[in-house]
Amino acid sequence: MTNSNDRLDRIEALQLQTQQIVDSNSRAIQALADRLAELALRQEEAQEERAELRQATIGIANLLSSLDSDRPTILRKLTSIENKVDRLLGRGDD
C-alpha cells in the first residue's frame, strides 16, 4: 500500500506542478496579448500623427508656393512705389 500511496502522492504533486505551469503560461500569454494590443494601439496613433504631420507639411508647402508665386507681383509693386517716391523726392536717374 505504501508504494501505491507514494505513487499517488507523486501523481498528485505532478498534477499540481502541471496546473501551476498551465496557470503561469496562461498569465504569460495574457500579458503578451495585452502588450500586443497596446503596441497595435500605439502604432495606430503614430500612423494618425504621421498623417496629420503630412497634411500640415503639405499645407505649409502650398502656402510657401503661393507666396513664391505672389513674389514677382509684390516686387513689381514695391519697385513701382520706390520709383514714384524717388520721383517725388527728385531723385530720378540723373
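Keep in mind that what you see is a predicted model, and the values were worked out from it rather than measured.

## A look at the overall build of the chain
At step 1: Looking only at helices and strands, the chain has 1 helix and 0 strands in total.
At step 2: A globule of 94 residues ought to have a C-alpha radius of gyration of about 12 Å, yet the chain, at 39 Å, is considerably larger.
At step 3: For the C-alpha atoms alone, the extent of the chain along its principal axes is close to 130 × 15 × 15 Å.
At step 4: Relative to its 94 residues, the chain shows a buried fraction of 0%.
At step 5: Surface exposure of the chain reaches about 8700 Å², of which carbon and sulfur atoms provide 57%.
At step 6: With 13 positive and 17 negative side-chain charges, the chain shows a separation of 7 Å between the mean positions of the two kinds.

## Here's the deal with the pattern of salt bridges
At step 1: Summed over all chains, the structure comprises 2 salt bridges.
At step 2: Of the charged contacts in the structure, one is a salt bridge between Arg35 and Glu38, with a shortest N-O distance of 3.2 Å. One end of the pair is Arg35 and the other is Glu38, both in helix α1 (residues 2–88) and 3 residues apart, which spans about a single turn.
At step 3: For Glu38, a relative accessible area of 33% gives the class partly exposed.
At step 4: Put simply, Arg42 and Glu38 hold a salt bridge, and the shortest N to O gap is 2.9 Å. In this pair, Arg42 and Glu38 both sit in helix α1, 4 residues apart, roughly one turn of the helix.
At step 5: The class for Arg42 is partly exposed, based on a relative accessible area of 47%.
At step 6: Bridged by salt links that share partners, the residues Arg35, Glu38 and Arg42 form one connected network.

Rules used in this analysis
- Residues numbered from 1 in each chain as written.
- Predicted model: local features only at pLDDT ≥ 70, side-chain atom pairs only at ≥ 80, totals over all residues.
- Heavy atoms only, no water.
- Helix = DSSP H or I, 4+ residues; strand = E, 2+ residues; numbered from the N terminus.
- Rg over C-alpha atoms; globule rule 2.2 N^0.38 Å.
- Buried < 20%, exposed > 50% of the residue type's maximum accessible area, 1.4 Å probe, protein only.
- Areas by Shrake-Rupley, 256 points an atom, 1.4 Å probe, with all protein chains shown as cover.
- Lys, Arg positive; Asp, Glu negative; His and termini not counted.
- Charge placed at Lys NZ, Arg CZ, Asp CG, Glu CD.
- Salt bridge = Lys/Arg side-chain N within 4 Å of Asp/Glu carboxyl O.

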